[in-house]
Amino acid sequence: MNFDLSFYNGKKIFVTGHTGFKGSWLCKMLANAGAIVTGYSLNPPTNPSLFEIADIEKDVHSVIGDIRDYKALKAAFDEVQPEIVLHLAAQPIVRDSYKNPVYTYETNVMGTVNILDCIRNSNCVKSYLNVTTDKVYLNKEWAWGYRENEELDGYDPYSNSKSCSELVTHSYKNSFFGDGHVAISTARAGNVIGGGDFANDRIIPDCVRAAIRHEDIVVRNPFSTRPYQHVLEPLYAYLMIAAMQYEDVKYAGYYNVGPDDVDCFQTGALVDLFVNKWGEGIKWINRYDGGPHEANFLKLDCSKIKTTFGWKPHWNLDKAIEMVVEWSKCWIDGKDVRACMDREIDEFLNVE
């Protein structure tokens with residue numbers, strides 16, 4: 001099924017975490033579709049940031065605030081009276097969660113409680129989507145993909161806080177929205193890559209930084225397997241889920257969003273692709289830095305979203321890396337980044 005984003009034309013959307021990497025791409029997609037978008041988030045989490053480079057503030061009503069601050073969140077929410085809420089605000093980095101677990105839990109768990117309580121105390125919302133992660137599952141390092149009914153018990157503070165965010169969502173759904181007047185789903189996405197990600201401790205941003213400096217790319221765990229996908233894949237899936245459940249509450253539920261099995265790559269193989277696409281003679285080296293525990297093998301079973309909506313990934317990993325390199329070189333060369341994003345979104349949406 002090719003879902004038509006024109007559904008969002010004129011609809012009032014509230015996005016938490018809009019200044020982040022995924023949030024910025026999501027706001028661009030929504031604005032291009034004619035949505036009336038309000039974003040609530042902290043200032044951009046990186047410098048540089050996609051939000052500033054691409055001037056996403058042009059596309060949305062941007063409210064800078066902390067998801068942990070219920071009073072400020074509710075004020076922004078009540079002013080908008082949104083029909084659809086997309087909750088992306090989070091502390092998203094595994095390694096940072098080891099350094100600051102309390103902040104991670106406050107943001108990822110109480111942030112979810114706060115936005116759900118805004119919805120509970122309003123009458124405007126018809127559709128809510130909580131974006132979590134593939135890392136919510138109890139990782140048994142097995143060779144097949146996790147399904148939506150598997151046990152939730154993330155290992156590290158980031159993954160575990162997202163498991164808790166799922167449980168909070170389930171509880172609110174049962175306790176306050178049992179009559180179905182608000183359709184509620186969670187989406188558990190695999191690792192995303194795309195132009196404009198400047199986070200620390202993520203492999204593609206590390207690759208881009210090294211390439212710009214003409215240095216070797218340091219890969220700390222080349223044999224870990226992850227479900228890598230272009231950022232537009234899960235964003236399109238989120239928008240599809242939120243719209244479909246808006247129209248019919250029967251679609252509300254819990255959905256994995258990941259690539260096909262052929263695109264569950266080891267990190268070293270991913271970097272090989274990047275090196276080939278970037279050119280300029282760059283190469284990578286294997287240097288484990290003795291960091292904290294991270295899952296070694298992880299992939300998702302996405303049968304549910306495929307059978308429910310006829311969804312399938314638009315781009316394979318080769319194409320995704322090509323788009324990362326294209327965007328990054330557009331930015332480095334001082335070209336029009338917004339136009340580059342629009343081109344990528346149009347190309348993605350028009351895949352047969």
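Calculation rules
- Residues numbered from 1 in each chain as written.
- Predicted model: local features only at pLDDT ≥ 70, side-chain atom pairs only at ≥ 80, totals over all residues.
- Heavy atoms only, no water.
- Helix = DSSP H or I, 4+ residues; strand = E, 2+ residues; numbered from the N terminus.
- Polar contact = N/O pair within 3.5 Å; in protein donor to acceptor, adjacent residues only side chain to side chain.
- Buried < 20%, exposed > 50% of the residue type's maximum accessible area, 1.4 Å probe, protein only.
- Arc of directions from axis to C-beta.
- Contact = heavy atoms within 4.5 Å.
- Pairing = 2+ DSSP bridges.
- Axes fitted to C-alpha atoms, helices over the stretch in contact; angles between N-to-C directions.

Engineer: I keep staring at the environment of Asn191 and nothing clicks. Help me out?
Structural biologist: Tracing the backbone shows Asn191 in the loop between strand 6 (183-189) and strand 7 (192-193). A C-alpha to C-alpha distance of 6.7 Å links Asn191 and Arg226, two positions 35 residues apart in sequence. A distance of 3.3 Å separates the side chain of Asn191 from the side chain of Lys135, its partner in a polar contact.

Engineer: How should I be thinking about helix 3 (residues 70-80) in this particular structure?
Structural biologist: A turn of α-helix holds 3.6 residues, and therefore any two residues three or four places apart point the same way. All buried positions along helix 3 are accounted for by Leu73, Ala76, Phe77 and Val80. An end-on view of helix 3 places all buried positions within 100° of arc, on one side of the element. For helix 3, the exposed residues lying more than 90 degrees away from the buried face are Lys71 and Glu79. Elements that come into contact with the buried residues of helix 3 comprise strand 1 (12-16), strand 2 (36-41), strand 3 (61-64), strand 4 (84-87) and helix 5 (101-120).

Engineer: Just to check I follow, could you spell out the sheet that holds strand 3 for this structure?
Structural biologist: The strand order 3-2-1-4-5-6-11 describes an open sheet built from 7 strands, whose pairing is parallel. Either end of the sheet is taken by a strand with one partner, and the two such strands are strand 3 and strand 11 (254-257). Taken over all neighbouring pairs, the strand axes of this sheet differ in orientation by 20° on average, direction set aside. Bridge count for strand 2 against strand 3 is 4 bridges, and the pairing is parallel. Bridging from a neighbouring strand, Thr38 pairs with His61 of strand 3.

Engineer: Would you mind going over the pairing of strand 2 with me for this structure?
Structural biologist: Remark: a regular strand shows side chains that alternate across the two faces of the sheet. Taking burial as the measure, the 6 residues of strand 2 include 5 buried ones, the bulk of the element. By the bridge criterion, 5 bridges tie strand 1 to strand 2 in an arrangement that is parallel. Along strand 2, the bridge assignment pairs Lys12 with Ile36.

Distances and angles like these do not, on their own, reveal function.
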